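The lines below spell out each chain.
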Amino acid sequence: FLATIDGSIVNVALPTLTVELNTDFSSVQWVVLSYLLTVTILQAIVGRLADMHGRKHLYNGGFVVFTVGSALCGLSPTVEWLILARVLQGIGGAMTLALGMAIITDAFPAGERGRALGITGSIVSIGIVTGPTLGGVIIEHLSWHWIFFVNVPIGIIGTWLAWRHIPHTKPHGDQVFDLAGAATLCVFLLALLLGLTTGQLQGFTSPQALGLFIVAVFFLVTFIILESRHEQPIIPLSLFDNRVFRVNIATGLMIFIAMGTYALIPFYLENALKYSVQQVGFLVAVVPLALGITAPISGSLSDRVGSRPISVIGLVVSTFAFLLMSTLTAETSAIGFMLRFLPLGIGVGMFQSPNNSAIMGNVPRERLGVASSLLAVTRSLGQTVGFAVLGSVWAGLVFRASGGILTGGAESGSPEAIAAGIQGTALVSAGLAAMALVIALFAWRNERLTRRSSL
């Protein structure tokens, strides 16, 4: 709840931050990207450390760091200070987000795991719903500083609750930390994400972007070689020998990338449809509200009938939802927007809980921290890739519809141009969701054939 209310408030506030901090879209997006970069880079390391030393102290420490970072964000006088404070928030966020699902999986039997993770999805959705709504009210009546201060009391309560109620589990001894693997993983992720961001600003074929991508590939190959030779790697490559784990991680990543379109919707609602920040907050709450309702239902169903059928239905609905979003125009009414947006929350809610439950159920208990952190990495990596790549696609489409580069950035385009950008971006997201659906269908077919052959 703490992490998602923060993220959703910030997304709604991006147009306001652009004005209040006297900056532009390419700079203010680092308020989002700096947090996601930090979280993404550190999560896998946190997962491994938790499997070595226990989850409670790392998880609880994350609350403290996140709360302090939130206070500093609210006190930031410039966009540069705000970005640095968001990095501190990201360190705390990595420590909590990486371990949440491991703690929950450890607490529930297999027959209740889907429902438990589904309820977690609902709490996440409540945070996402509360964020835009509360953020819109705060920005309308107070100032953007308070969108970060609101985290402080929640963080204090969360710190106390985690310390009091989460049990301390002590893993077996004689474990070593793979320092070389951790270092190469960090450099790979940093180079990849900076390459994506640089590519968005300067073009993905620019020398800077290509250089960063080459560095990323080199360190990815180095990381894989090191992990295959280390007795206790950061990420055991043997986890990917399991087909369910491999397929579900891949499809989850693709859906999170596709959801990058969601982060662009406030610009469409404010600059194309001319809604106030508070109205935008209420409108974008449609998706997480629907997700919060469907997530526990789909989780419970997956406990009964299996995860694959439910997650496939979720992918079908998600693909359809993105296609509906591609029909948004500069004249779309509020009701028309919500009817197009609602299926996205239903589809993602139906997909996510069964998908996560299957992943967590197919790893050894001593690897729950790593598995939980990998799920968190795919979420953060997907959001970062989606925001960078789809943001670049949206800007390019707005410029094309406008007849050239706009001095005020893509957000200064006409309502028709901004809507055209959203239409094209939604089609790209629909393509990604359709690819995930095809992969899941092939996996479902293979799983059924395997079950038949074993009878």
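This one's a predicted model, so the numbers in the text were calculated from it and none came from an experiment. (Residues numbered from 1 in each chain as written. Predicted model: local features only at pLDDT ≥ 70, side-chain atom pairs only at ≥ 80, totals over all residues. Heavy atoms only, no water.)

**Q** What am I meant to see in the overall build of the protein here?
**A** A count of helices and strands for the protein gives 18 helices and zero strands. The C-alpha radius of gyration of the protein comes to 21 Å, within 12% of the 23 Å expected for a compact globule of 455 residues. Considering only C-alpha atoms, the protein reaches an extent of 60 × 50 × 45 Å along its principal axes. A total of 455 residues make up the protein; the buried ones form 57% of that total. In the protein, the proportion of contacts linking residues at least 24 apart, taken out of those at least 6 apart, comes to 82%. (Helix = DSSP H or I, 4+ residues; strand = E, 2+ residues; numbered from the N terminus. Rg over C-alpha atoms; globule rule 2.2 N^0.38 Å. Buried < 20%, exposed > 50% of the residue type's maximum accessible area, 1.4 Å probe, protein only. Contact = heavy atoms within 4.5 Å.)

**Q** Got a minute to help me understand unusual backbone geometry in this structure?
**A** Most peptide bonds take the trans form, and the phi angle of most residues other than glycine is negative. Backbone geometry at Lys 274 places phi at a positive 65 degrees, although glycine is not the residue there. Mapped onto the elements, Lys 274 comes out in the loop between helix H12 (265-272) and helix H13 (277-284). Overall, the relative accessible area of 58% leaves Lys 274 in the exposed class.

**Q** Even after reading the chapter, I still don't get the side chain of Gln 43, so can you show me in this structure?
**A** Counting through the fold element by element, Gln 43 comes out in helix H2 (residues 25-53). Given a relative accessible area of 0%, Gln 43 falls into the buried group. Residues in contact with Gln 43, not counting those within four places in the same chain, are Ala 94, Leu 97, Ala 98, Ser 373, Ala 376, Val 377 and Ser 380.

**Q** I'm lost on the nonpolar core in this one. Help?
**A** Generally speaking, nonpolar side chains in soluble globular proteins are found buried as a group. By size, the foremost hydrophobic cluster in this structure holds 127 residues, and its most contacted members are Tyr 268, Leu 269, Phe 341 and Leu 344. Element by element, the count of residues in this core is highest for helix H17 (residues 368-402), at 14 residues. Apart from residues lying up to four places away in sequence, Leu 344 is in contact with Met 259, Val 287, Ala 321, Phe 322 and Met 325. (Core = buried A, V, L, I, M, F, W, Y, C linked by side-chain atoms within 4.5 Å.)

**Q** Mind showing me how you'd approach the packing of helix H16 (residues 334-361) against H17 here?
**A** Running from N to C, H16 and H17 point in directions that differ by 150 degrees, and their axes come no closer than 9 Å. The pairing of H16 with H17 is recorded here as roughly antiparallel in orientation. The interaxial crossing formed by H16 with H17 has right-handed handedness. Across from Asn 356, Ile 359 and Met 360 in H16, the residues of H17 making contact are Leu 368, Ala 371, Ser 372 and Leu 375. (Axes fitted to C-alpha atoms, helices over the stretch in contact; angles between N-to-C directions. Parallel < 35°, antiparallel > 145°, perpendicular 65-115°, else oblique. Left-handed = near helix turned anticlockwise from the far one by under 90°.)

**Q** Help me understand helix H10 (residues 207-229), please; the structure alone is not making it clear to me.
**A** Spacing of three or four residues puts side chains on the same side of an α-helix, whose turn is 3.6 residues. Across its 23 residues, H10 extends 33 Å between first and last C-alpha, which sits within 8% of the 33 Å expected from 1.5 Å per residue. All buried positions along H10 are accounted for by Ala 209, Ala 216, Phe 223 and Glu 227. (Expected span 1.5 Å × (residues − 1).)

**Q** I would appreciate a short explanation of the packing of aromatic side chains in the present structure.
**A** The relative placement of two aromatic rings is captured by the distance of their centres and the angle of their planes. The tally for this structure, following the rule as stated, stands at eight aromatic pairs. Relative to Phe 66, the ring of Tyr 35 lies with its centre 6.4 Å away and its plane at 80 degrees, an arrangement referred to as edge-to-face. Residue Tyr 35 is located in helix H2, and its partner Phe 66 is located in helix H3 (residues 56-74); the two are separated by 31 residues in the primary sequence. Tyr 35 gets classed as buried once you look at its relative accessible area, which sits at 7%. Aromatic side chains Tyr 59 and Phe 63 sit 5.4 Å apart centroid to centroid with 85 degrees between the ring planes, which places their arrangement in the edge-to-face category. Of this pair, Tyr 59 and Phe 63 are both found in helix H3, four residues apart, which corresponds to roughly one turn of the helix. Pair check on accessibility: Tyr 59 and Phe 63 agree, each one buried. (Phe/Tyr/Trp six-rings, centres within 6.5 Å; stacked < 30°, edge-to-face > 60°.)

**Q** Looking at this model, I keep getting lost on the environment of Ser 34. Mind explaining?
**A** Examined against the element boundaries, Ser 34 turns out to sit in helix H2. According to the relative accessible area criterion, Ser 34 is buried, its value standing at 4%. As for Ser 34 and Val 79, which are separated by 45 residues in sequence, their C-alpha atoms are 12 Å apart. When neighbours within four sequence positions are excluded, Ser 34 is seen to be in contact with Ile 83, Arg 86 and Val 87.

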